[in-house]
Amino acid sequence: MRCQMCERPATFHITELNDGEVNEVHLCEEHARGYLAQSEEETPVASSSSSLAGALAQQLELGQTAEELARLDQQSCPVCGITFYQFRNQGRLGCPHDYVAFDNELEPLISNIHGATQHKGKRPRHLPASGEQRTELIKLRREMKEAVEREDYERASQLRDEIRRLEDEPREDAPASETEGRE
Amino acid sequence: MKFNDLAEQSSAWLRGIGPESDIVISTRVRLARNLAEFPFIRRCTDHDRAAIEQTVHRRIDELPELKDLLYVDVNVLPSVDRQFLVERQLISREHAESEGARAVAIDQQENYSLMVNEEDHLRMQVIRSGLDLEAAWEQIGNIDDLIEQKVTFAFHEKYGYLTACPTNVGTGMRVSVMLHLPALVMTRQIEKVFRSLQKINLAVRGLYGEGSQAMGDFYQISNQITLGRTEEELLNQVGEVVPALIGYERKARDYLVREGHRDLHDRVSRAYGILCTAQTISSEETMHLLSSVRMGVNLGLIEDLEIPTINKLFIHTQPAHLQKLSGSELDTSARNIERAMYLQRNLRPDGNGNPAEQN
């Protein structure tokens, strides 16, 4: 077989995949090199939406003025205390409640990353409501630590009792009996 | 089972069984989960981290189905042992290198491992030999169900399982298929293939995950999106492209056999010769040569050598493995000598150091 670009024998048989469409090219070594180099210069494939930092930067650039961004950065999660600035900086959220506390900012971000905002897959067997209850523990533990730090031991001990009570609480929404088998 | 027994055995996923195992090394499915009652890892105090580790440990112990797991406290492990677990694909590099209370629970056959306090509280993964997506998902799904009887995972009606990074939210699932694609590399088609994969939202990584070089012509294909699709849809998304990739690799191999049989046979034989006789050899060169030998065995150019042996050598000639197997700490040059000896013992037909040509 001859190279499609010249008279030399084709030693490179390149198969291109484009959205499931198959396209074959037959080239000699020299033309193949040029061909491959050229396609490498095409638009970077890793679109910004595939990385968190890229998606965040894009979104914040679009939506906010400097003042709005400064205000947004100071918002914090009532449960774990992380500020939006800290999330933006580290790329990691502080606790499950952040998805509620920062929903306005996270929803477009999540939509940008995943192209969707509604979970469709597996769910825990028990009600997610109990998860939100458990998340309260994060806040109580943090408040207790703060109470100890400011030497408010009375408050700290109240909080400790509250935490213990919640920690020991059986999961009332757990499957009635584990011998019952799975759904 | 004890930790040091791991070094002696070969992971089940290296057995080279399962569909398409000449090209597909392994299938991996991992799930990210977090306990609802603790902050995500970055926001944890030392006390929180320790409490998460203890909670998960206790809950796993309560499950009879998981009672045979080897539970390893990664925080107190010497660095060579942590590196060993990374080479073995049982923990991530991030997990090995981070600090604070963390652990991994390992199945005896190394079919699955559960990382505690990685980027998320719990990262559970199943690895299977060959292309085996359904079975991998079924197994990790069952383990998820078991553990969920004992703990409350952070879950949101709309966003699904909540993770520390929004890129994993929803199913928390990453499906990865590891392929051996030497002929696509030799015929310089590999870049092309990857660009097309990235266009359809699939990620391509090397043997040791993010940022790692594609050593030994191994490539991992995995999904990037985790939300808005069911687990089965995500499996299909990765599963659909794999047969095409296998097809391209086979075509490239056919082409090499047809158009350059002597060159190919020469390349494979030389690679085998060096591996059998070298006195000192780097990890990189080993991976590179083993890749040619592996393809040579698959194409029938080398006889008397089994794929599981070669699969094992890719992993067991890594730095921490050599040190575990030899039972001592070795610097780079000592490792290169130890590696050459290890290869000789495992590759020469009689295993006694007599040249292979003698038969």
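One can find the structure itself at the top, above this paragraph.
A short tour of the structure in this document, coming up. Keep in mind that what you see is a predicted model, and the values were worked out from it rather than measured.

Basis of the calculations
Along each chain, residues carry numbers from 1 onward, in the same order as the chain's sequence is written. Lettering of chains starts at A and numbering of ligands starts at 1, both following the order in which they are written. Under the rules for a predicted model, residues below a pLDDT of 70 receive no local features and side-chain atom pairs below 80 are neither given nor counted, while totals for whole chains, interfaces and linings still include all residues. Side-chain calculation: all heavy atoms of the structure are included, whereas hydrogens and water are not. Whether two strands pair comes down to DSSP finding at least two bridges between them. Starting at the N terminus, helices and strands are each numbered in turn, a helix being any DSSP run of H or I of at least four residues and a strand any DSSP run of E of at least two. A fitted line through C-alpha atoms serves as each axis, taken over the contacting stretch for helices, and the angle formed by two N-to-C directions is quoted from 0 to 180°. By definition in these notes, contact holds between two residues if any of their heavy atoms fall within 4.5 Å. Three exposure classes are used, based on accessible area relative to the maximum for each residue type with a 1.4 Å probe and protein chains only: buried under 20%, partly exposed in between, and exposed over 50%. Under the pairing criterion, centres of Phe, Tyr and Trp rings, with the six-membered ring standing for Trp, must be within 6.5 Å; the plane angle then separates stacked pairs below 30 degrees from edge-to-face pairs above 60, leaving the rest tilted. Counted as over-ring charges are cases with an Arg CZ or a Lys NZ within 6 Å of the ring centre that also lie within 35 degrees of the ring normal.

### Regarding the sheet that holds strand β10 (residues 218–223) of chain B
Residue and element names in this part refer to chain B.
- If you trace the eight strands from one edge of the open sheet to the other, you get β2-β3-β4-β5-β1-β8-β10-β9, paired in antiparallel fashion. The open sheet terminates on both sides in strands that have one partner only, identified here as β2 (70–73) and β9 (202–205). If you compare each strand with its neighbour and ignore which way they point, the axes differ by 20 degrees on average.
- As judged from the four bridges shared by β2 and strand β3 (residues 103–106), these two strands associate in the antiparallel manner. Within β3, the position partnered with L70 by the bridge is I106.
- Taken strand by strand, helix α8 (residues 231–259) contacts β1 (24–33), β8 (173–180), β9 and β10, and its axis lies near 10 degrees from that of β8.

### A look at the environment of Q198 of chain B
All names here are of chain B.
- As for its placement among the helices and strands, Q198 is situated in helix α7 (residues 190–199).
- Under the relative-accessibility criterion, Q198 is labelled partly exposed at 31%.
- Q198 sits 61 residues away from E259 along the chain, and the two C-alpha atoms are 30 Å apart.

### Quick notes on the packing of aromatic side chains
- Applying the stated criterion across every chain yields a total of seven aromatic pairs over all chains.
- Between F3 of chain B and F84 of chain B the ring centres are 5.9 Å apart and the planes differ by 65 degrees, which places this aromatic pair in the edge-to-face class. One end of the pair, F3 of chain B, is in the segment before α1 (5–8); the other, F84 of chain B, is in helix α3 (residues 79–87), with 81 residues separating them in the sequence. Accessibility assignment for this pair places F3 of chain B and F84 of chain B in one class, buried.
- When the centroid spacing of 5.0 Å and the interplanar angle of 75 degrees are considered together, the rings of F155 of chain B and Y161 of chain B count as edge-to-face.
- Take Y161 of chain B: its relative accessible area is 1%, and that puts it in the buried class.
- Here the aromatic cluster, defined as three or more aromatic residues joined through ring pairs, consists of F84, F87 and F102 of chain A.
- The residue whose ring lies beneath R33 of chain B is Y161 of chain B, and the NZ or CZ to ring-centre distance is 3.5 Å.

### Here we look at the pairing of strand β4 (residues 112–116) of chain B
All names here are of chain B.
- With respect to burial, β4 is a largely interior element, five of its five residues being buried.
- Bridge count for β3 against β4 is four bridges, and the pairing is antiparallel. Paired with A103 across the strands is V116, a residue of β4.
- A loop of five residues connects β3 with β4, the two strands running antiparallel in sequence, and E110 in this loop sits at a positive phi of about 65 degrees.
- As defined by bridge partners, β4 adjoins strand β5 (residues 122–129) across five bridges and the pair is classed as antiparallel.

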